[in-house]
Amino acid sequence: MRAIVLDAVRADPQVRDVPAPTAPAGGVVVEVRATGLCRSDWHAWAGHEDLVFPHVPGHELAGVVSEVGTGVTRWAVGDRVTTPFVCGCGRCSWCRGGDAQVCPDQQQPGFTHWGSFAQHVALHAADTNLVAVPDDVELATAAALGCRFATAYRALVARARVAADEWVVVVGAGGVGLSAVMIARALGARVVAVDRTTAALDVARRLGAIAWELDLLGSHGMAASDYPEMMALVAEGRLRPDLLLERTVDLDTAAALLPTFDTATVAGLTIIDPWR
Ligand SMILES: [Zn+2]
Ligand SMILES: [Zn+2]
């Protein structure tokens, strides 16, 4: 299969043929139809993650199940699926309690094993981690949900519990920030978005936690079990992550973009089609 391969920290990403994965026990292989290019992939390229080389990055994906491993009960070849970027083990108390996003034995495609900048990707614990993509949601749109959109959704809906007419300040209009603006608006909140400038940071500081009773909440992605509510809003058109998609590129273009992605001035999400 064709894939973007990293041979060493900060080496030029190479597009070449590599062996296709086989389905692990309890897991599946997904034929990747769309996969997002994310700043986290740049961090992997830049040596900020503990990778085994050669490595294939990519963690925001959607596609079609092409092989099913032993023990998988919920999925079949041909199913349209996506996955959170954090995949739980499926066995521990966090996973069984619906909090696979903080599983201590978690896997992350594109970091702990080869990811989705390829025509196929292996995913573990499929019954825990896969999410069905409805027929009326494009796979590129579903790929946009897996990392930045889900993180923003969980932060606003589950962690901050944003209600109508509350004010939401979004600092930084990157992938998470743009998603947060859209989701906060859909929740009926009033939104101020500021970008990464000195003036913007001064504003944020003036709004700071010393003067007001603000809470600082973390959000580390979202478990697959929490996806149906978000996916239903997407299918209904009340959330439009497709509006965040700026461009679709091929593997060669993505390989050239990756080393520059820390400074790239993009106005939305970049999606890779590995079959172009
Ligand atoms: Zn990402
Ligand atoms: Zn687990």
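Just above, that's the structure.
Residues numbered from 1 in each chain as written. Chains lettered and ligands numbered in written order. Predicted model: local features only at pLDDT ≥ 70, side-chain atom pairs only at ≥ 80, totals over all residues. Heavy atoms only, no water.

Visitor: How would you sum up the coordination of the zinc ion (ligand 1)? Please name residues and give values.
Guide: Ideal coordination angles are 109.5 degrees for a metal with four donors arranged tetrahedrally and 90 or 180 degrees for a metal with six donors arranged octahedrally. Ligation of the zinc ion (ligand 1) by protein atoms is provided by Cys 38 (SG), His 59 (NE2), Glu 60 (OE) and Cys 147 (SG), these donors lying 2.1 to 2.3 Å from the ion. Coordination at the zinc ion (ligand 1) comes from 4 donor atoms whose angles at the metal span 96 to 125°, giving a geometry best classed as tetrahedral. (Donors = N, O, S within 2.8 Å, 3.2 Å for Na, K, Ca; no water. Tetrahedral: all angles 85-135°; square planar, octahedral: opposite > 155°, others 65-115°.)

Visitor: Any details on the coordination of the zinc ion (ligand 2)? Residues and values, ideally.
Guide: Bound to the zinc ion (ligand 2) are the protein donor atoms Cys 89 (SG), Cys 92 (SG), Cys 95 (SG) and Cys 103 (SG), situated 2.3 to 2.4 Å from the metal. Each of the 4 donor atoms bound to the zinc ion (ligand 2) contributes to angles spanning 105 to 115°, and the resulting shape is tetrahedral. Between consecutive donor residues of the zinc ion (ligand 2), the sequence gaps follow C-x2-C-x2-C-x7-C. Cys 92 matches Cys 89 in its accessibility class, with the two residues each being buried. (Buried < 20%, exposed > 50% of the residue type's maximum accessible area, 1.4 Å probe, protein only.)

Visitor: A description of the pairing of strand E9 (residues 190–194) should follow, citing residues and the corresponding values.
Guide: Where strand E8 (residues 167–171) meets E9, 5 bridges bridge the pair, whose relative direction is parallel. Bridging across to E9, Val 168 finds its partner in Val 191. Taken together, E8, helix H6 (residues 175–186) and E9 constitute a β-α-β crossover, and its handedness is right-handed. (Pairing = 2+ DSSP bridges. Helix = DSSP H or I, 4+ residues; strand = E, 2+ residues; numbered from the N terminus. Right-handed = clockwise from strand over helix to strand, strands pointing away.)

Visitor: So what's going on with the nonpolar core? Residues and values would help.
Guide: If you look at the biggest cluster of nonpolar residues, it comprises 35 residues, and the most contacted ones within it are Phe 149, Tyr 227, Met 230 and Leu 239. Among the secondary structure elements, those contributing two or more residues to this core are strand E4 (60–68), helix H4 (139–143), helix H5 (145–159), E8, H6, helix H8 (227–235) and strand E11 (269–272). Other than its neighbours up to four places away in sequence, Met 230 contacts Leu 145, Phe 149, Ala 150, Tyr 153, Met 222 and Leu 239. Counting 21 residues, the second largest nonpolar core, distinct from the first, contains Leu 6, Trp 42, Val 56 and Leu 251. (Core = buried A, V, L, I, M, F, W, Y, C linked by side-chain atoms within 4.5 Å. Contact = heavy atoms within 4.5 Å.)

Visitor: Residues and numbers for the pattern of salt bridges, please.
Guide: Note that side chains of opposite charge can pair when their charged atoms are close. All told, the structure shown has 8 salt bridges when counted by the stated rule. One salt bridge connects Arg 33 with Glu 31, and the closest N-O pair in it is separated by 2.9 Å. Between Asp 242 and Arg 240 there is a salt bridge whose closest N-O contact spans 2.8 Å. Since its relative accessible area comes to 35%, Arg 240 is described here as partly exposed. (Salt bridge = Lys/Arg side-chain N within 4 Å of Asp/Glu carboxyl O.)

Visitor: For the layout of surface pockets, give the residues involved together with the corresponding values.
Guide: A volume near 210 Å³ is recorded for the second largest pocket. The set of elements that each furnish at least two residues to the lining of the second largest pocket consists of helix H3 (126–129), strand E7 (131–132) and H8. With 3 residues, H8 is the largest single contributor of residues to the lining of the second largest pocket. (1 Å grid on protein atoms, 1.4 Å probe; cavity = no way out; pocket = protein on both sides within 12 Å on 5 of 7 lines; lining within 4 Å. Points joined across faces, edges and corners; volume = space filled by probe spheres on them.)

Visitor: Describe unusual backbone geometry, listing the residues and the values that go with them.
Guide: Note: most peptide bonds trans; most residues except glycine with negative phi. Residue Phe 53 is joined to Pro 54 through a cis peptide bond whose omega torsion reads -5°. By the element assignment, Pro 54 lies in the loop between helix H1 (39–45) and E4. Located in the positive-phi region is Arg 10, a residue other than glycine, with phi close to 65°. Summarising the element assignment, Arg 10 is placed in the loop between strand E1 (2–5) and strand E2 (14–17).

Visitor: Which residues make up the packing of H5 against H8, and what values go with them?
Guide: Following both chains from N to C, one finds H5 and H8 inclined at 105°, their axes separated by 11 Å at the closest point. One finds that H5 runs roughly perpendicular with respect to H8. Residues Leu 145, Gly 146, Phe 149, Ala 150, Tyr 153 and Val 157 of H5 lie in contact with H8, whose contacting residues are Tyr 227, Glu 229, Met 230, Met 231, Leu 233 and Val 234. When its residues are assigned to classes, the contact of H5 with H8 shows 10 nonpolar, 1 polar and 1 charged. (Axes fitted to C-alpha atoms, helices over the stretch in contact; angles between N-to-C directions. Parallel < 35°, antiparallel > 145°, perpendicular 65-115°, else oblique. Nonpolar A, V, L, I, M, F, W, Y, C, P; charged D, E, K, R; others polar.)

Visitor: Describe the side chain of Thr 270, with residues and values.
Guide: Within the element layout of this structure, Thr 270 appears in strand E11. Within the structure, Thr 270 has its side chain in polar contact with the side chain of Arg 247 (distance 2.9 Å). The residues contacting Thr 270, other than those within four sequence positions of it, are Thr 35, Gly 36, Leu 37, Glu 246, Arg 247, Val 249, Leu 257 and Phe 261. (Polar contact = N/O pair within 3.5 Å; in protein donor to acceptor, adjacent residues only side chain to side chain.)

Visitor: Residues and numbers for the packing of H5 against H6, please.
Guide: At their nearest, the axes of H5 and H6 sit 8 Å apart, and the two run at 50° to each other. Classed by the angle they form, the pair H5 and H6 counts as oblique. Along this stretch, H5 crosses H6, giving a crossing that reads as right-handed. For the pair H5 and H6, the contacting residues are Arg 148, Phe 149, Ala 152, Tyr 153, Leu 156 and Val 157 in the first and Gly 175, Val 176, Ser 179, Ala 180, Met 182, Ile 183 and Ala 184 in the second. Residue composition of the contact of H5 with H6, grouped by class: 10 nonpolar, 2 polar and 1 charged. (Left-handed = near helix turned anticlockwise from the far one by under 90°.)

Visitor: Can you break down the packing of aromatic side chains residue by residue, with the values?
Guide: Following the criterion strictly, the structure yields 1 aromatic pair and no others. Relative to Trp 45, the ring of Trp 42 has its centre 6.4 Å away and its plane inclined at 45°; by these criteria the two rings are tilted. Placement of both Trp 42 and Trp 45 in helix H1 is noted, with a separation of 3 residues, approximately one turn of the helix. Relative accessible area serves as the criterion here: at 7%, Trp 42 is assigned to the buried category. Classification of Trp 45 as buried rests on a relative accessible area of 7%. (Phe/Tyr/Trp six-rings, centres within 6.5 Å; stacked < 30°, edge-to-face > 60°.)

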